[in-house]
Amino acid sequence: MAPLLHLPVFRNQDAVMINMDRVSHVSYNRRDKTLTALEGTKFQAVYDVAYKAGRELTLGWCPCVGVAGASMGGGHGRLQGKYGLSADAIVKFRMVLGDGAILETSASENTDLSWVMRDAGHNFSLVVETTFKTWSQQKDGTINKLFPIDPAVAIDLLILDDPETLQPIVTLDVVYAGPLKKDSNLLTNFITRTSLSESLVPWNQVNVVSAGGSAGPARVDGPATNLYSFSAAHLDIATTLELFKSDVTFVKNGPQASASMLLWEIPGVQAVLAQPEDRSAVGNRRFAAVLGAIEAIYTNDSVARAADARAMSWRDQLAAPRSSGHDKEYCYVNSAHNDESRESIYGYELWRLQRLRELQRRHDPRRFFNGFHSFH
């Protein structure tokens, strides 16, 4: 039997989990240029349909992730600098409430639920389908190369270990989603000190080949995983170097956890920041320039405690104001560990959490949907 995914969100007692994995389908509406995905649809299926239709939108980094769940948590992605978050592109939800009522939400229908479903939707309903706005696709594909920072640039930085030598590896992955250019001012900063690989790929394949394909396979049926995350204003080089050096000793003493990794995702933020703060439940928009995640991944429970302690310690160091550049701690909803404050996940404005709790009392008074970073 495959190891379980070791995340606190799944440690609920007396709970029911509904597996929607096979409820998967994507359709494109040529009239209004929207995409509609059923609840169990993975990102890759949406990439493919959008690409075939000559359209694009912000979707997550990993093709194996479900589009509805990720988008209900805000939905960061490589194209967000151009189009905003996945949640910003949602025009309609079809959903089932805890009392069995089936309804739709949009800018003109059930508007309070439309607001809350975009970032906190996991706590309100079972989503049946999600409809997204799309944009005309760039025709020159997507290139893994360094370009001057603009809304179409997204950067991934990974620290992981070579599975054979157990030596740490640093992977810098830069994706430019736009017309192919001849000039690259940033390239000279890295070409003399790195092994460089460039590729021009279709938009629907960028998440499969980026970062050496490390985001492609799902880990649900693989090694046990424990996830911690943080948001930062910048990349703290000094702390990162300290963690990089400590990785060598840790992996040497516990090679069963050598698949663990430290990841920074640095997408554009221009279109994200252009959205009004109160347009949706998405909080902390202005504090997610750098999204960090530490994954403790191990194949033997004998190293579970040590791997988890290291991941938590790294998260705490990188999330602290001294390292993150923020005066408070912030965390992306979808990758939160669930030991963070509700404010760091949903927003520090007093009115925001008050509104979330009031809407839950109104639409889910028995709190059927209470297993994913509850407001209470």
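Residues numbered from 1 in each chain as written. Predicted model: local features only at pLDDT ≥ 70, side-chain atom pairs only at ≥ 80, totals over all residues. Heavy atoms only, no water.

Student: What is the right way to read the overall build of the protein from this model?
Tutor: Regarding its fold elements, the protein presents 11 helices and 14 strands. In the protein, which comprises 376 residues, the proportion classed as buried is 51%. Intrachain contacts of the protein at a sequence separation of at least 6 include 72% that bridge at least 24 residues. Put simply, the protein shows about 17,600 Å² of open surface, and 54% of that area lies on carbon and sulfur atoms. (Helix = DSSP H or I, 4+ residues; strand = E, 2+ residues; numbered from the N terminus. Buried < 20%, exposed > 50% of the residue type's maximum accessible area, 1.4 Å probe, protein only. Contact = heavy atoms within 4.5 Å. Areas by Shrake-Rupley, 256 points an atom, 1.4 Å probe, with all protein chains shown as cover.)

Student: Would you mind showing me how to read the side chain of Asp-364 here?
Tutor: The topology assignment puts Asp-364 in the segment after helix H11 (350-363). Buried and without a salt bridge, Asp-364 has Arg-367 as its closest oppositely charged side chain, separated by 6.8 Å. One polar contact links the side chain of Asp-364 to the main-chain amide nitrogen of Phe-368, over a distance of 2.9 Å. Residue contacts for Asp-364: discarding those within four places in its chain leaves Asn-123, Leu-359 and Phe-369. (Lys, Arg positive; Asp, Glu negative; His and termini not counted. Salt bridge = Lys/Arg side-chain N within 4 Å of Asp/Glu carboxyl O. Polar contact = N/O pair within 3.5 Å; in protein donor to acceptor, adjacent residues only side chain to side chain.)

Student: Just to check I follow, could you spell out the packing of helix H4 (residues 111-120) against H11 for this structure?
Tutor: To describe two helices that pack against each other, one gives the angle between their axes and the distance between the axes. Put simply, H4 and H11 touch, their axes get as near as 11 Å, and they point 115° apart. Viewed along their axes, H4 and H11 adopt a mutual orientation that is roughly perpendicular. Once H4 is placed against H11, the crossing between them reads as left-handed. The segment H4 lies against H11, with Asp-112, Leu-113, Trp-115, Val-116 and Ala-120 engaging Trp-351, Arg-352, Arg-355, Leu-356, Leu-359, Arg-362 and His-363. Taken together, the residues of the contact of H4 with H11 break down into seven nonpolar, one polar and four charged. (Axes fitted to C-alpha atoms, helices over the stretch in contact; angles between N-to-C directions. Parallel < 35°, antiparallel > 145°, perpendicular 65-115°, else oblique. Left-handed = near helix turned anticlockwise from the far one by under 90°. Nonpolar A, V, L, I, M, F, W, Y, C, P; charged D, E, K, R; others polar.)

Student: Sorry, what's going on with the sheet that holds strand E6 (residues 126-133) here?
Tutor: Across a sheet, paired strands are connected by hydrogen bonds in the backbone, their directions being either parallel or antiparallel. Strands sit in the order E1-E2-E6-E4-E5 across an open sheet of five strands; the sheet is antiparallel. For this open sheet the edge positions go to strand E1 (26-29) and strand E5 (102-105), each flanked by a neighbour on one side alone. Taken over all neighbouring pairs, the strand axes of this sheet differ in orientation by 15° on average, direction set aside. Of the pairings in the sheet, the one linking E1 to strand E2 (residues 34-38) comprises four bridges and is antiparallel in character. (Pairing = 2+ DSSP bridges.)

Student: Mind showing me how you'd approach the confidence of the model for the protein here?
Tutor: Interpretation of the predicted coordinates at a detailed level should be avoided for regions scoring low in pLDDT. When pLDDT is averaged across the protein, the result is 85; 84% of the residues are at 70 or more. Here residues 1-10 scores under 50 on pLDDT; set against residues more than four positions off or in separate chains, the count is 23 contacts. With pLDDT under 50 throughout, residues 141-148 is counted as low confidence; its partners more than four residues away or in other chains account for 45 contacts. (pLDDT = per-residue confidence, 0-100.)

Student: Sorry, what's going on with the nonpolar core here?
Tutor: Val-116, Met-117, Tyr-346 and Leu-356 are the most contacted members of the largest nonpolar core, which totals 37 residues. For this core, the secondary-structure elements that each account for two or more residues are E2, helix H1 (43-52), helix H2 (67-72), strand E4 (90-96), H4, E6, helix H10 (342-346) and H11. Element by element, the count of residues in this core is highest for H4, at five residues. Other than its neighbours up to four places away in sequence, Val-116 contacts Gly-121, Phe-124, Ala-281, Leu-356 and Leu-359. Core analysis: the second largest hydrophobic core is formed by 23 residues, Ala-232, Leu-243, Phe-250 and Ala-311 among them. (Core = buried A, V, L, I, M, F, W, Y, C linked by side-chain atoms within 4.5 Å.)

Student: Explain the packing of aromatic side chains here, please?
Tutor: Think of a pair of aromatic rings as described by two things: how far the centres are apart, and how the planes are tilted against each other in angle. Within this structure, the stated rule accounts for seven aromatic pairs. Between the aromatic rings of Tyr-83 and Trp-135, the centroid separation amounts to 4.5 Å while the plane-to-plane angle is 15°, which identifies the pairing as stacked. Of this pair, Tyr-83 sits in helix H3 (residues 80-83) while Trp-135 sits in strand E7 (residues 135-136), placing them 52 residues apart in sequence. You can call Trp-135 partly exposed: its relative accessible area is 21%. Within the aromatic cluster, the residues linked to one another by ring pairs are Phe-124, Tyr-346 and Phe-375. (Phe/Tyr/Trp six-rings, centres within 6.5 Å; stacked < 30°, edge-to-face > 60°.)

Student: I tried to follow the packing of helix H6 (residues 237-253) against helix H8 (residues 304-319) on my own but got confused; where do I start?
Tutor: Running from amino to carboxyl end, H6 crosses H8 at an angle of 170°, the nearest separation of the two axes being 11 Å. One element, H6, and the other, H8, form an angle in the roughly antiparallel class. The segment H6 lies against H8, with Thr-239, Leu-243, Ser-246, Asp-247 and Phe-250 engaging Ala-306, Ala-307, Arg-310, Trp-314, Gln-317 and Leu-318. A class-by-class count of the residues in the contact of H6 with H8 yields six nonpolar, three polar and two charged.

Student: Help me understand the pattern of salt bridges in this model?
Tutor: Between side chains of opposite charge, pairing is possible as soon as their charged atoms come close. Taken as a whole and judged by the stated rule, the model has 17 salt bridges. Put simply, Arg-279 and Asp-88 hold a salt bridge, and the shortest N to O gap is 4.0 Å. One end of the pair, Arg-279, is in the loop between helix H7 (270-273) and strand E14 (290-298); the other, Asp-88, is in the loop between H3 and E4, with 191 residues separating them in the sequence. Arg-279 gets classed as partly exposed once you look at its relative accessible area, which sits at 33%. Note on Asp-88: relative accessible area 8%, which makes it buried. Residues joined by salt bridges that share partners form a network here, namely Glu-277, Arg-286, Glu-349 and Arg-352.

Student: In this structure, what is going on with the pairing of strand E12 (residues 224-232)? I would like to understand it.
Tutor: The side chains of a regular strand alternate, residue by residue, between the two faces of the sheet. Summarising burial for E12: nine of the nine residues are buried, a large majority. Burial along E12 is two-sided: Ala-224, Asn-226, Tyr-228, Phe-230 and Ala-232 and Thr-225, Leu-227, Ser-229 and Ser-231, pointing in opposite directions, are all buried. Here E12 pairs with E14 via nine bridges, running antiparallel. Its bridge partner being in E14, Phe-230 is matched across the sheet by Gly-292.

Student: Explanation requested: the environment of Leu-356 in the structure shown.
Tutor: Inspection of the secondary structure puts Leu-356 in helix H11. A relative accessible area of 0% means that Leu-356 is categorised as buried. Separated by 240 residues in sequence, Leu-356 and Val-116 place their C-alpha atoms 6.9 Å apart. For Leu-356, the contacting residues outside a window of four places in its chain are Trp-115, Val-116, Ala-120, Phe-124, Ala-281, Tyr-346 and Phe-375.

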